[in-house]
Structures are given as C-alpha cells and as structure tokens.
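Summary of the model geometry
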Amino acid sequence: MNILIIGSGGREHALAWQCAKDKNVNTVYVASGNAGTALEPHCENVTLDVTNHQAVIDFCQSSNIDFVIVGPEAPLVDGLVDDCQKADIAIWGPTQYCAQLEGSKTFAKEFMIANNIPTAHYQAFTDATAAKAYVSEQGAPIVVKADGLAAGKGVIVAESIEDAHQAIDDMLADNKFGEAGSRVVIEQFLTGEEASFICMIDGENILPMATSQDHKRIFEGDTGANTGGMGAYSPAPVVTAEVHNKVIERIIRPVVQAMKDSGHPYTGFLYAGLMIDEHQDPYVIEFNCRFGDPETQPIMMRLQSSLVELVQQGITGNLPAEAQWDERAALGIVLASKGYPQSSSKGDVITGLPQITTDSDDTVKVFHAGTKFGDTSQDGIPVVETNGGRVLCVTALGKDILEAQQKALVTTASIRFDGAHYRRDIGHRAISRQS
C-alpha cells in the first residue's frame, strides 16, 4: 500500500510516522515534507506543486497511491479534495464547500448562528472606521480576527481599545495579512479554559480523537503574541465526560447534520477550538478543517489503532465509534526559530537531534516542521537546518502530564540552533489540576 500525505509541517511528520508503522504500508510519500520525513523509515519526500491539482492526480495515478491525506488547510480551501474525487482518487479531507468553516471566519460564524452552535457574539467589517466604532462601543478585551487563512496568526486578543484599533488598521488598512485580512471579524472575548476537540467524520459517523490542549501564546504563562502553537498535550483534563458529551451533542453533531442537509456531507478531520466556561459549557472559538498542529504530535503518540485503517474506514463511510489509545499522557514542546512569530530565521544548523534507530526510546519523538537538509554532511549524515518559524516539536509519553513534560524538556534542552526558543511550562494547567 502507498499513501500520499500533503504538507511539510510537524503535523504531516506525525501523520506520516503513524501511517508508516502500519505493516500493510510500503511507502508513505510526503509532498513536500521536511528533513524529518525524509529520514523516517518507509517515508519518502516528493517534490510536488500541490496547487497544481492535475499534477497531484497524475502522481497518484503513476505511483499507485491508495489514498491521500491532506494535512494543511490551504489545499482544502482550494478544492483539492473535490478535484481528486472527480478523478476517482481516494482522499481524506473535507470538500471546498465544507472547508469554508476554516477558510472564512464570516462563513463559520454565520453557519454556527444558523445552526444554534454556541459561539461568541460577533460582527464582520470591511471598513476600518466602522470596525473601530464597534470596538469602542463594545469595549475591551475583545478579539479581532482576519476573515481568511493567516497561518494561525490572524487572531489578535486585544486587551485595550487602542490595541484593537491597531489590529484593525494592520488588517484593513496596512494589509498585514494580505487578502485574508480584507475583512475582519470582531468577537466577544470569552473567558474560561481552552481545549482542542478533534474528530474524524465520514459524512455520518463521528470518531472523536483523544482530547488535547495547545498553547498559542509565545511566552510562558500564556503571555505575548499568538502563534500557530508553542506546544500541546493530551489528554486535556478540562474535557471531562460531561464536557465531552456536550461538545458532541451541541457542536459536532449539528455540524455533521447541517452539512449533510446542505448536500455537502463533511468528511475528514474536524477541529473545534473550544472555550470551556465556569459552568462546563463549551463555546466554539474557531473551526479548523484538518488536524491541529501541534496537537497532532501528542495525539499520534497516543494512538494505538491503525491510522491507515481508520482513514480507509472513513473514506468508505464506516468509521468506528472509538479508537484505541495509550493510557499514558503525551506532551509536545515546540522549538521556534529566531524572531518567531513576527519573522523566522532559516539556514541555521541544528545540532543534538536524536538519531532514528531501531533501539531509539519510543517514549520520546522529535517531529520536524521547519527543517531542511543543508549542503554539507557530518559522517555521511546530511546536516539539518532550520527552514521556518516552528522548527521542531519534541514529544514525550509519561505516566502523567508532568512526567511527559519533564521527559520532553530533557530532550529539548539537548537540541541547539541559533536563536532557538521554547516554552518550559507547556501543560501547566493540567499539571496544576494534577497537583
């Protein structure tokens, strides 16, 4: 069996690693992958322009690809799933219509309001003056979001009216987020504890993944700028059995039913970014139409069912109700490059990476994201360099979140590159609950 995974981040490395463990898999191709996927057994990077859908289709046909998994959001919003389905290529991911849940904040908010899915109050604007007037009327803190895709960085939690006005100017006047920021969604600030709730959906059946929580802020104590994610852990204690049931019944099932009723059944991964309030009621902060990053890494570390079989069952409309999970906790710490999230440094040599061997510690795994091979090698091994903002995610299993955190920190401390920075408090909420 051959599989193609679209993407080049830590999420895709984790998905490829999990698929490659299946005994029925010959090769997992990753387009375009990173240094980590290139080094992974039974994985092979391929140079493929994923914006050229016909090129993807041609590769699948010539390489006998059994199915495709789409990692990032842009190809989904661009309709890759639709075009592959028309060409009879088995592919796992939502169609272009369904991917609007992530591709347009306005679409998502209107969809939630129409289907009574709990979410923050909002207004959408294309005019900066009107947007500022609304903020002044509502007060702060308040949330300003770029309407379109902004690589996880188009969300500003403004602590003051002045900060909100600046965010509006950045998006609408200064074009800081390009076309994604040509419309802004301004939302009520929700209080509580965040969690990530990710499911596999086959148009009808819902298979919840292990619960997780990520840390978006750049600095410890959850302060500083929002990022694509500085770390994550699983399970998330805030998602109790009661909360889990509410999420399925109030959020996930209404999405599945509404999409089915619209004639566009939802298939693929669905990520609901949640705020859990003091009454244990969940509210949707955002939808993503793919697996989260860095949530994928700890979740894949805990998955004991075959991801390959689950995707096959999803494509054929036969998802099971449950998957098998390691009872241990998993936690991932992101190492970011110099300047992230405002900028990123590339070409910095990375040292201290654990070698992938048959006797490697299977409770610690370094997933690559922004990495590439340099032009030189050491002892016949290519030098690995930075190639993006979030460079690596060191992920560990432990009997609880604290042990997983400590194990991940030990390996993280051994890895070096110029300007590397990471948070040492990933999982602090769960650890506080635990203690």
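Presented here is an overview of the structure given in this document. Every value quoted in this text rests on a predicted model; they were computed, and no experiment measured them.

A tally of helices and strands in the chain yields 14 helices and 23 strands. The C-alpha radius of gyration of the chain comes to 21 Å, within 12% of the 22 Å expected for a compact globule of 435 residues. Principal-axis analysis of the C-alpha atoms gives the chain an extent of 65 × 45 × 45 Å. Here the chain holds 435 residues, and 59% of them are scored as buried. Once local pairs closer than 6 in sequence are excluded, the contacts in the chain between residues at least 24 apart make up 69%. Surface summary for the chain: the accessible area is close to 17500 Å², and the carbon and sulfur share equals 46%. A distance of 3 Å separates the average location of the 32 positive side-chain charges in the chain from that of its 56 negative side-chain charges.

With that settled, consider the nonpolar core. Core analysis: the biggest nonpolar cluster contains 53 residues, and Leu4, Val68, Leu101, Phe197, Ile251, Ile252 and Phe287 have the highest contact counts within it. Not counting residues within four places of it along the chain, the set of residues in contact with Ile251 comprises Ile117, Pro118, Lys246, Ala272, Leu274, Pro282, Val284 and Phe287. If you look at the next biggest cluster of nonpolar residues, it comprises 37 residues, including Met200, Ala210, Tyr271 and Leu319.

Glancing now at unusual backbone geometry. Look at the link from Ala31 to Ser32: it is a cis peptide, with omega at 5°. Examined against the element boundaries, Ser32 turns out to sit in strand E2 (residues 27-32). Residue Asn64 is not a glycine yet carries a positive backbone phi of 55°. Locating Asn64 in the fold gives a position in the loop between helix H3 (53-62) and strand E4 (65-70).

If you trace the 4 strands from one edge of the open sheet to the other, you get E6-E9-E7-E8, paired in antiparallel fashion. With one partner strand each, in any of the chains shown, strand E6 (122-125) and strand E8 (155-158) form the two edges of the open sheet. Here the average twist between neighbouring strands, direction ignored, is 20°. Contacts from helix H8 (residues 128-138) reach E6, strand E7 (142-146) and strand E9 (184-188) within the one sheet, and its direction differs from that of E6 by about 160°.

Right, let's talk about the sheet that holds E2 for a bit. Pairing within the open sheet is parallel, and its 5 strands lie in the order E3-E2-E1-E4-E5. The sheet terminates laterally at strand E3 (43-45) and strand E5 (91-92), the two strands that pair on one side only. In this sheet, E2 lies alongside strand E1 (residues 2-7) in parallel orientation, the contact comprising 6 bridges. Looking across to E2, one finds that Leu4 is bridged to Tyr29. The sheet contacts of helix H12 (residues 307-315) involve E1, E4 and E5, and relative to E4 the element is tilted by about 90°.

Turning our eyes to something else, we now look at helix H9 (residues 161-173). When the terminal C-alpha atoms of H9 are compared, their 17 Å separation across 13 residues agrees well with the 18 Å that a helix rising 1.5 Å per residue should span. When we look at burial in H9, the residues that qualify are Ala164, His165, Ala167, Ile168, Asp170 and Met171. Tucked inside the fold, the buried residues of H9 contact H8, E7, E8 and E9. Where H9 ends, the next residue or the one after it, Asn175, has phi of about 60°, a positive value.

The next thing to look at is the pairing of strand E10 (residues 193-202). E10 sits mainly inside the fold: 9 of its 10 residues count as buried. Summarising the sheet, E10 and strand E16 (residues 267-276) pair through 10 bridges and their orientation is antiparallel. The partner of Glu194 across the bridge, within E16, is Met275. Taken together, the 3 bridges between E10 and strand E11 (residues 206-208) define a ladder with antiparallel strand orientation. By the bridge assignment, Met200 is partnered in E11 with Leu207. Hairpin connection from E10 to E11: 3 residues lie between these consecutive antiparallel strands, with Gly203 at a positive phi of about 100°.

Looking at the secondary structure, you find Gln213 in strand E12 (residues 213-214). Owing to a relative accessible area of 1%, Gln213 belongs among the buried residues under this scheme. In terms of polar contacts, Gln213 uses its side chain to reach the side chain of Glu193, at 3.1 Å. One polar contact links Gln213 to Tyr233, side chain to side chain, over a distance of 2.5 Å. Apart from the residues within four sequence positions on either side, Gln213 is in contact with Glu193, Glu194, Ala195, Ser196, Gly231, Ala232, Tyr233, Ala236, Val238 and Arg429.

Tallying each qualifying case throughout the model produces 21 salt bridges. Note that Arg11 is salt-bridged to Glu12, the shortest N-O span being 2.7 Å. In this structure, Arg11 and Glu12 share a single accessibility class: buried. For Lys246, the salt bridge goes to Glu242, with nearest N and O atoms at 3.1 Å. Remark: Glu242 and Lys246 occur in helix H10 (residues 241-261); sequence separation between them is 4 residues, near one turn of the helix. Among the residues examined, Glu242 registers a relative accessible area of 43% and is labelled partly exposed.

How each quantity is defined
Residues take numbers from 1 onward in each chain, read along the sequence in its written order. pLDDT decides what is reported in this predicted model: residues at 70 or higher carry local features, side-chain atom pairs at 80 or more are listed and counted, and totals for whole chains, interfaces and linings draw on all residues regardless. Here the side-chain values reflect all heavy atoms present in the structure, with hydrogen atoms and water set aside. Going along the chain from the N terminus, every DSSP run of H or I of four or more residues is numbered as a helix, and every run of E of two or more is numbered as a strand. We take the radius of gyration over the C-alpha atoms and set the globule estimate at 2.2 Å times the residue count to the 0.38 power. Relative accessibility decides the category of a residue: with a 1.4 Å probe and only protein chains considered, values under 20% of the type maximum give buried, values over 50% give exposed, and everything between is partly exposed. Any two residues whose heavy atoms approach within 4.5 Å at even a single point are treated as in contact. For the area figures, the Shrake-Rupley method with a 1.4 Å probe applies, and any residue is considered shielded solely by the protein chains shown. The charge count treats Lys and Arg as positive and Asp and Glu as negative. His and the chain ends do not count. One atom stands in for each charge, and that atom is NZ of Lys, CZ of Arg, CG of Asp or CD of Glu. Throughout, nonpolar core names a set of buried Ala, Val, Leu, Ile, Met, Phe, Trp, Tyr and Cys residues whose side chains join them through atoms within 4.5 Å. Any two strands are treated as partners once DSSP identifies two or more bridges connecting them. Fitted lines through C-alpha atoms serve as axes, helices being fitted only where they are in contact, and the angles separating the N-to-C directions of these axes extend from 0 to 180 degrees. Multiplying one less than the number of residues by 1.5 Å gives the expected span of a helix. In the analysis that follows, any N or O atom pair within 3.5 Å is treated as a polar contact, provided that within protein one partner can donate a hydrogen and the other can accept it, and provided that, for residues neighboring in sequence, both atoms belong to side chains. For this document, the term salt bridge refers to a Lys or Arg side-chain nitrogen within 4 Å of an Asp or Glu carboxyl oxygen.

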